[in-house]
Amino acid sequence: MRAALTALTDELKRLKSTGVTSVSVSPESIAALRKVIASRAPGSVAQVEPKQPASVAAADTAPVSTVSRTAPVPKAAAATTLPPPPVVSLPPGDKTSRWEALRNLVLTHPVCVANVRPGKKVVLGVGSLDAKIMFVGEAPGAEEEVKGEPFVGPAGQLLTKMILAMGLKREDVYIGNIMNWRPQTPTSEGMEQVGNRAPTSEEMAFCLPFLMAQIEIVAPELIVALGSTAAQGLLGAGSFKTLGEVRGQWKQFSGKPVIVSYHPSYLLRQEAAGPVAAKKAKRATWEDLLKVMERAGLPVTEKQRGYFL
Ligand code: URA
């Protein structure tokens with residue numbers, strides 16, 4: 001439980017550093033926290049729990065999902081500690097056969113499978129294997145682990161609009177994540193997971209070889225890191241304190257130029273904060289995407305240059 005509380009504090013600090021001033025907490029999470037407080041009250045019997053990866057129920061990249069009753073899910077489906085990151089060796093062949101082999105490896109990998117709840121899916125990137133541009137997000141959320149595809153929920157719909165604004169289609173780019181599974185949070189018996197948590201550095205390190213293999217296959221000209229977790233995953237944990245330090249700048253990962261930008265979920269949260277904040281964040285993101293278009297040799301019209309001014 002200490003790990004969960006530490007993760008909660010870390011996650012709230014991380015959100016604060018990205019400009020978040022409030023988070024919504026579901027009634028289930030409040031009830032769970034009350035239970036913890038009650039169990040730690042003087043006179044109560046301390047509960048010994050198996051050590052779990054850091055887990056917390058707090059709103060993050062995906063909106064808090066609607067709570068629904070389903071078949072009971074195991075409380076601690078996540079592996080306690082992860083084995084060392086896998087060594088991925090891709091077979092020879094064309095891009096499609098190499099990607100299919102990777103997909104098979106990731107979707108059946110025992111560690112990935114152990115980290116998704118029954119009925120949910122391990123998620124690999126999607127898109128053109130000849131893409132010039134690769135977007136990298138954080139981790140699948142509620143919608144993504146159901147569909148088995150990255151960025152299909154509200155943040156994904158916004159990302160798709162951003163790609164269209166660049167004059168491209170979603171199928172023209174490649175979209176992946178640092179993580180191949182949705183980081184789990186403790187769930188009451190019979191309840192769906194509510195909210196998301198940031199992945200631990202151990203989880204990110206475990207999945208990184210899968211992302212590197214996707215980069216090797218697609219060989220994009222450049223990578224866009226969406227949000228703080230993606231940027232930490234690619235640039236290294238602790239390489240910056242606040243996203244503002246690196247946003248809009250070109251860095252390097254695996255020999256590829258990487259630009260760091262805001263996560264679409266952040267833009268959605270800014271919408272909730274009001275029109276001025278939303279426009280400012282959208283313009284900043286758009287300026288990053290203009291840099292991407294220029295570097296990728298895409299045409300930029302005057303109209304596009306003026307979006308969100
Ligand atoms: N947020 C992410 O970072 N990735 C997804 O796939 C969905 C939401």
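Residues numbered from 1 in each chain as written. Predicted model: local features only at pLDDT ≥ 70, side-chain atom pairs only at ≥ 80, totals over all residues. Heavy atoms only, no water.

Participant: Looking at this structure, I do not really get the pairing of strand S6 (residues 256-261). What am I missing?
Facilitator: Each regular strand carries side chains that alternate between the two faces of the sheet. With five of six residues buried, S6 is to be regarded as a mostly interior element. The pairing of strand S4 (residues 222-226) with S6 spans four bridges and is parallel. Pairing of Leu 226 across the sheet is with Ser 261, part of S6. Pairing geometry for strand S5 (residues 250-253) and S6, over four bridges, is antiparallel. Residue Lys 251 lies in a different strand from S6, and its bridge partner there is Val 258. Between S5 and S6, which pair antiparallel and follow one another directly, the connecting turn spans two residues, one of which, Ser 254, has a positive phi of 50°. (Buried < 20%, exposed > 50% of the residue type's maximum accessible area, 1.4 Å probe, protein only. Helix = DSSP H or I, 4+ residues; strand = E, 2+ residues; numbered from the N terminus. Pairing = 2+ DSSP bridges.)

Participant: Teacher, can you tell me more about the site of the ligand here?
Facilitator: Every residue close to the ligand is listed here: Gly 137, Glu 138, Ala 139, Glu 144, Pro 150, Phe 151, Asn 177 and His 263. Within the backbone of Glu 138, a nitrogen or oxygen atom sits 2.6 Å from an oxygen atom of the ligand. Note that a nitrogen atom of the ligand is positioned 3.0 Å from one of the backbone N or O atoms of Ala 139. Considered on its own, the ligand offers 240 Å² of accessible surface; in the complex 99% of this is hidden by protein. Partitioned by chemical class, the residues of the shell around the ligand number three nonpolar, three polar and two charged. (Near = heavy atom within 4 Å. Polar contact = N/O pair within 3.5 Å; in protein donor to acceptor, adjacent residues only side chain to side chain. Areas by Shrake-Rupley, 256 points an atom, 1.4 Å probe, with all protein chains shown as cover. Nonpolar A, V, L, I, M, F, W, Y, C, P; charged D, E, K, R; others polar.)

Participant: Please clarify how the confidence of the model for the protein should be interpreted in this entry.
Facilitator: Scored by pLDDT, the protein has a mean of 83; 74% of the residues are at 70 or more. Contacts from residues 36-79, a stretch scored under 50 in pLDDT, to residues over four places away or in other chains number 100 contacts. (pLDDT = per-residue confidence, 0-100. Contact = heavy atoms within 4.5 Å.)

Participant: Looking at this structure, how should I read the pattern of salt bridges?
Facilitator: Where side chains of opposite charge bring their charged atoms close, a pairing between them can arise. Counted under the stated rule, the structure contains twelve salt bridges. Across the pair Glu 192 and Lys 120 runs a salt bridge whose closest N-O atoms are separated by 3.2 Å. Of the two residues, Glu 192 is situated in the loop between strand S3 (174-177) and helix H7 (201-218) and Lys 120 in the loop between helix H4 (110-114) and strand S1 (126-127); the sequence distance between them amounts to 72 residues. Assigned by exposure class, Glu 192 and Lys 120 land together as buried. As a salt-bridge pair, Arg 305 and Glu 302 come within 3.8 Å of each other at their nearest N and O atoms. (Salt bridge = Lys/Arg side-chain N within 4 Å of Asp/Glu carboxyl O.)

Participant: Explain helix H3 (residues 95-108) to me, please; I cannot follow it from the model alone.
Facilitator: Residue pairs three or four apart in sequence face the same way in an α-helix, which turns once every 3.6 residues. Counted at 1.5 Å a residue, the expected span for H3 with its 14 residues is 20 Å, and the 20 Å between its end C-alpha atoms agrees. Of all the residues in H3, the buried ones are Arg 98, Trp 99, Leu 102 and Val 106. Here the buried residues of H3 occupy an arc of 95° about the axis, which is enough to place them on one side. Where the residues of H3 are buried, they touch H4, S3 and H7. (Expected span 1.5 Å × (residues − 1). Arc of directions from axis to C-beta.)

Participant: Even after reading the chapter, I still don't get the environment of Leu 309, so can you show me in this structure?
Facilitator: Note that Leu 309 resides in the segment after helix H11 (302-305). Separated by 30 residues in sequence, Leu 309 and Lys 279 place their C-alpha atoms 8.0 Å apart. Contacts of Leu 309, omitting those with residues within four sequence positions, involve Lys 279 and Arg 283.

Participant: Would you take a moment to explain the sheet that holds strand S2 (residues 133-137) for this structure?
Facilitator: In a beta sheet, neighbouring strands pair by backbone hydrogen bonds and run either parallel or antiparallel. One open sheet holds the six strands; their spatial order is S1-S3-S2-S4-S6-S5, and the pairing between them is mixed. The open sheet terminates on both sides in strands that have one partner only, identified here as S1 and S5. By the bridge criterion, four bridges tie S2 to S4 in an arrangement that is parallel. Within the sheet, the bridge partner assigned to Ile 133 lies in S4 and is Leu 222.

Participant: What is the right way to look at the nonpolar core in this model?
Facilitator: Nonpolar side chains in soluble globular proteins generally cluster together in the buried interior. Core analysis: the biggest nonpolar cluster contains 69 residues, and Ile 133, Phe 135, Trp 181 and Leu 234 have the highest contact counts within it. For this core, the leading source of residues is H7, giving ten residues. Excluding its chain neighbours within four sequence positions, the residues that come into contact with Leu 234 are Val 136, Ile 178, Leu 211, Ile 223, Ala 225, Phe 253 and Val 258. (Core = buried A, V, L, I, M, F, W, Y, C linked by side-chain atoms within 4.5 Å.)

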